[in-house]
Amino acid sequence: MSQGDVEVTTPDDFENENESSYKPPPEKTIEEILQADQDDESLRKYKETLLGQAQTGPIVVEPDNPKKVIVKKLVLVVADRPEISLDLSGDLSQLKKETFVIKEGVSYRIRIEFIVQREIVHGLKYVQKTNKLGIPVDKMTHMVGSYAPKQEMQSYTTPPEDAPTGMLARGSYTVHSLFTDDDKNEHLKWEWSFEIKKDWKD
């Protein structure tokens, strides 16, 4: 969470997150993408590189899950510290009972681990809104990118953020996170919390 300009938001603002003048291109299946522009050799090779495993046939990692994007884990990454993770594949209501502890002033990143299956997804986006004592204090929107289906886990790591410092900054924070895309699909929305302390074990 940065100490820059504060944008006043509420958790309900997620509904407005994708409202903009930008209009994403029509969604196409992998088969349609492969069939288009076959006479352009350089474009054909580019698409083969982009799609990888998906060009040989449908990739379905979890057959019982109809989603194209399955968000699995959120990981707090701090240099020279063990990674701390939240399991996003189970009961999300239980996440409120777990709290990350972050030492004030440290630089940290957040890594989102996810599976893409069935079809390519365009313009994945991670939105994070942070409240303290019910008051919005920070908002981050990260463009994650477009991903083709793969059997392996894929991930996105945010740029470094500096935890705030000082007595007023310490305390508990509630975070509302959203993983969405250009087509306004809500892949996952969850709530979690962290606490800023003077030291890791303070």
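Residues numbered from 1 in each chain as written. Predicted model: local features only at pLDDT ≥ 70, side-chain atom pairs only at ≥ 80, totals over all residues. Heavy atoms only, no water.

A look at the packing of aromatic side chains
Defined as follows: Stacked, tilted and edge-to-face are the three classes assigned to paired rings of Phe, Tyr and Trp, where Trp is represented by its six-membered ring and a pair needs centres within 6.5 Å; plane angles under 30 degrees give stacked, over 60 edge-to-face, the rest tilted. For helices the rule is a DSSP run of H or I covering at least 4 residues; for strands it is a run of E covering at least 2, with both sets numbered from the N terminus onward. A simple rule labels every residue: compare its accessible area, found with a 1.4 Å probe on the protein chains alone, to the largest value its type can have, and call it buried under 20%, exposed over 50%, or partly exposed in between.
Under the defined criterion, the tally for this structure stands at six aromatic pairs. Ring centres of Phe100 and Trp192 lie 5.5 Å apart, and the angle between their planes is 65°; this geometry places the pair in the edge-to-face category. You can see Phe100 sitting in strand β3 (residues 99–103) and its partner Trp192 sitting in strand β10 (residues 188–197), a full 92 residues away along the chain. With respect to class, Phe100 is no different from Trp192; both count as buried. Judged by centre distance (5.3 Å) and plane angle (50°), the rings of Phe114 and Phe179 are tilted. With Phe114 in strand β4 (residues 107–116) and Phe179 in strand β9 (residues 171–180), this residue pair connects regions lying 65 residues apart in the sequence. Residue classification places Phe114 among the buried residues on the basis of a relative accessible area of 0%.

Brief notes about unusual backbone geometry
Of note, the phi angle at Asp80 is positive, near 65°, even though the residue is not glycine. Position of Asp80 relative to the elements: it lies in the loop between β1 (69–78) and β2 (84–87). Residue Leu133 is not a glycine yet carries a positive backbone phi of 55°. Looking at where Leu133 falls in the secondary structure, it is placed in the loop between β5 (121–132) and β6 (135–147).

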